Amino acid sequence: MEKFTTHTTQAVPLNIANVDTDQIIPARFLKATDKKGFGDNVFRDWRFDKSGNLNTEFTLNNPIYSGSILIAGDNFGCGSSREHAAWALVGYGFKVIVSSFFADIFKGNALNNGLLPVQVSESFLSALFAAIETDANTQFEVNLETQTISIKGTDLKESFEIDPYKKTCMINGYDDIDYLLSKKELIEAFELQKTD
Amino acid sequence: MKKTLFDKVWDAHVVDSIQDGPQILYIDKHLIHEVTSPQAFNELADRKIPVFRPNQIVATADHNTPTLDQHLPVRDELSRKQLAQLSENCKKNNITLYELGHKYNGIVHVMAPELGITQPGMTMVCGDSHTSTHGAFGTIAFGIGTSQVAQVFASQCLLLTKPKSLRVTVNGTLKNGVLPKDVILYIISKLGTNSGTGYFCEYAGDVFENMSMEGRMTVCNMSIEMGARGGMIAPDATTFEYVKDREFAPKKDAFDAKVAYWKTLPTDEGAVFDKEYYFDAEDIEPMVTYGTNPGMGIKISETIPVDNDPSFKKSLDYMNFEAGKSLIDTPINFVFIGSCTNSRIEDFRVAADYVKGKRKADNVTAWLVPGSKQVETQIINEGLKDIFNAAGFELRQPGCSACLAMNDDKIPQNEYCVSTSNRNFEGRQGPGSRTILASPLVAAATAIEGKIIDITKQLN
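Everything numeric here is computed off the predicted structure, so don't read it as measured data.

Criteria and cut-off values
- Residues numbered from 1 in each chain as written.
- Chains lettered and ligands numbered in written order.
- Predicted model: local features only at pLDDT ≥ 70, side-chain atom pairs only at ≥ 80, totals over all residues.
- Heavy atoms only, no water.
- Buried < 20%, exposed > 50% of the residue type's maximum accessible area, 1.4 Å probe, protein only.
- Helix = DSSP H or I, 4+ residues; strand = E, 2+ residues; numbered from the N terminus.
- Arc of directions from axis to C-beta.
- Contact = heavy atoms within 4.5 Å.
- 1 Å grid on protein atoms, 1.4 Å probe; cavity = no way out; pocket = protein on both sides within 12 Å on 5 of 7 lines; lining within 4 Å.
- Points joined across faces, edges and corners; volume = space filled by probe spheres on them.
- Nonpolar A, V, L, I, M, F, W, Y, C, P; charged D, E, K, R; others polar.
- Pairing = 2+ DSSP bridges.
- Right-handed = clockwise from strand over helix to strand, strands pointing away.
- Axes fitted to C-alpha atoms, helices over the stretch in contact; angles between N-to-C directions.
- Parallel < 35°, antiparallel > 145°, perpendicular 65-115°, else oblique.
- Left-handed = near helix turned anticlockwise from the far one by under 90°.
- Salt bridge = Lys/Arg side-chain N within 4 Å of Asp/Glu carboxyl O.
- Phe/Tyr/Trp six-rings, centres within 6.5 Å; stacked < 30°, edge-to-face > 60°.

Draft legend 1. A look at helix H10 (residues 252–262) of chain B. Residue and element names in this part refer to chain B. Within H10, burial applies to Phe-255, Val-259 and Trp-262. Angular distribution of buried residues about the axis of H10 spans 65°; they occupy a single face of the element. Turned more than 90 degrees from where H10 packs its buried face, Asp-253 and Ala-257 sit exposed. Buried positions along H10 lie against helix H9 (237–243).

See below:
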């Protein structure tokens, strides 16, 4: 997994609540047996219209927006557990997703793929959307060490929570398998004393 | 200390705790399917890590399988390859697989309970969010991502932070025609799609105590639709009776010993939950959804609420519905009875009971997709197939089918489908399709009438 410390870029706004993982990557694209190529189909049915033409109104197709931070509405990533959603967002080039609320499974999947979910207050989320609306070139800084997100050129800054263990993993590029394998003896001992 | 059902099962599976971090939770049973496992197998192969406990893993092919002509090679090349990959991975790693055509094949959350693989007090995971279904047995069961599938392959454990606890209590007597699906759609419509995020939910009260195991599975199945990783119902005589004598259930003395343990699992009197909600059974009516998330549900006799939120409006635009209007008399061309929510024998009995002696409306395509080969056999043996055939319904072969439309079972663009599945997300049942979630009874009635009707008027 790639290491994550600080990230500063412009951001893409997606001001829609309850974005489910079926929207992030529709089920018909889940037939692959590797992790490659999902970025091409991220938000497929919002990026393209029913005839397969580019939907120019969709935020990802708007040339004024760029950067590898996605700022999304409340309850992002709800629905299916498909990790393909995280692979698709990473594949497209996102490194950070900001929302006022994340669905559980998506959040875990994102962290396991070096994609940082940053949960902010609703008021700060509104401030982020407002900043992009005023100037699409606004830069945002996400600092994992200090657990802060700030709007460059302003005093606006907010801290975010992250599990300390997951923070260590993100910063160092570790994953859970390494940790679990290091505990193999403990797991085997647990199996022996397990009553049921 | 007073403990909840969830605490008891969780605490019995903690291998170790990391200071200020997650716990290592031991997983008893790992269910896998073709869509979310291949990348996990690849990960292990790339890192030369063996599968740690292959005999605690059970595989089935369900998401991507055709529901017609299952005896023939799968036509779609990518699907065929994905299914072949599952077979190869299972063979290589000594994992039991119920592949297409096997007598135990079926939707993962239908086949595991009916084979007695699911038992009270266990921890179970699967790379599928509806793993919450198994909580109906008093099991900690939840969906995981593919990275976690790889972790369980490697260590039979997961690193997890213990979720908070939530209890939803529904007391009273359900009205005629109100099914378990209506109960859960009602709860989600009241609590919203993220009220359970970060929580494990226990369902309590006489409504659930009086429910069959099939009904309890329907309820727990949709816990994830309110954000809860899992739902649980205390195991009782109904649970033990269901598990008894099933293929992989413990037998004789071993079973009795288990039951003695399972009886210790229900939440202690006075145990404290982080959040509690109470509802009255009498307030619940047959439900339908009008929007693009499962929380957007109303009683079938109600009108769509008025809300100025842009996401709400976007949702109604997609559905081509208007705020303040009723769904009654909306013409419907597609009806789907199936999915891990409602594809068990009881669901087909309810539908057949209503359909018997009637004929579907000409405009309707009605698909019935059993949850497993065993359910399919039951449908035939109980004579339900004849009833459905006579009514013009199409009984297909088992699988996830039009719930997520990964296979060819897609609802056409702009068409409404009254569906017994669990998600009404945009395009869930095929690009541009519009899903209305409902119970098997409402779905059957819709197929007969060719439009949504107020079923309560027929029943009372």
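Draft legend 2. Quick peek at the layout of surface pockets. Estimates place the volume of the largest pocket at around 1,000 Å³. Every element with two or more residues in the lining of the largest pocket is listed here: helix H4 (104–111), strand E5 (116–119) and helix H6 (164–172) of chain A together with helix H5 (146–155), strand E8 (157–160) and strand E10 (199–204) of chain B. Here the element with the most residues in the lining of the largest pocket is H4 of chain A; it accounts for five residues. The class makeup of the residues in the lining of the largest pocket is 16 nonpolar, nine polar and nine charged.

Draft legend 3. Examining the pairing of strand E3 (residues 69–72) of chain A more closely. Residues and elements named next belong to chain A. Of the two faces of E3, both are covered, the one formed by Ile-69 and Ile-71 as well as the one formed by Leu-70 and Ala-72. Looking at chain direction, E3 and strand E4 (residues 96–99) are connected through three bridges and run parallel. When the bridges of E4 are listed, Ile-71 appears paired with Val-98. Handedness of the crossover joining E3 and E4 through helix H3 (residues 84–92): right-handed.

Draft legend 4. Focus on the packing of H3 of chain A against H4 of chain A. All names here are of chain A. Orientation of H3 relative to H4, taken along the N-to-C sense of each, is 50°, at an axis distance of 9 Å. Judged by the angle between their axes, H3 and H4 are oblique. Seen along the crossing, H3 lies across H4 with a hand that is right-handed. Note on element contacts: H4 touches H3 through Phe-106, Asn-109 and Ala-110, opposite Ala-85, Ala-86 and Leu-89.

Draft legend 5. Layout of the pattern of salt bridges. Within this structure, the stated rule accounts for 32 salt bridges over all chains. Of the charged contacts in the structure, one is a salt bridge between Asp-76 of chain B and Lys-31 of chain A, with a shortest N-O distance of 3.4 Å. Taken as a pair, Asp-76 of chain B in the loop between strand E4 (57–60) and helix H3 (77–92) and Lys-31 of chain A in the loop between helix H1 (21–24) and helix H2 (44–47) lie in two separate chains rather than in one. Taking relative accessible area as the criterion, Asp-76 of chain B reaches 29% and is therefore assigned partly exposed. Accessibility expressed as a relative area gives 11% for Lys-31 of chain A, which makes it buried.

Draft legend 6. Structural detail: the packing of aromatic side chains. Residues and elements named next belong to chain A. Scanning the entire structure with this criterion turns up 25 aromatic pairs over all chains. Seen from their ring centres, Phe-38 and Trp-87 are 5.8 Å apart, and the 40° between their planes marks the pair as tilted. Placement of the pair is Phe-38 in the loop between H1 and H2 and Trp-87 in helix H3, with a sequence separation of 49 residues. Given the relative accessible area of 5%, Trp-87 is considered buried.

Draft legend 7. Structural view of empty space enclosed by the protein. Residue and element names in this part refer to chain B. Tallied over the entire structure, the rule returns four cavities of 30 Å³ or more. For the largest cavity, the lining is made up of 22 residues, of which His-63, Asp-128, His-130, Leu-404 and Arg-428 are closest to its centre. When its residues are assigned to classes, the lining of the largest cavity shows seven nonpolar, eleven polar and four charged. By volume, the second largest cavity amounts to about 150 Å³.

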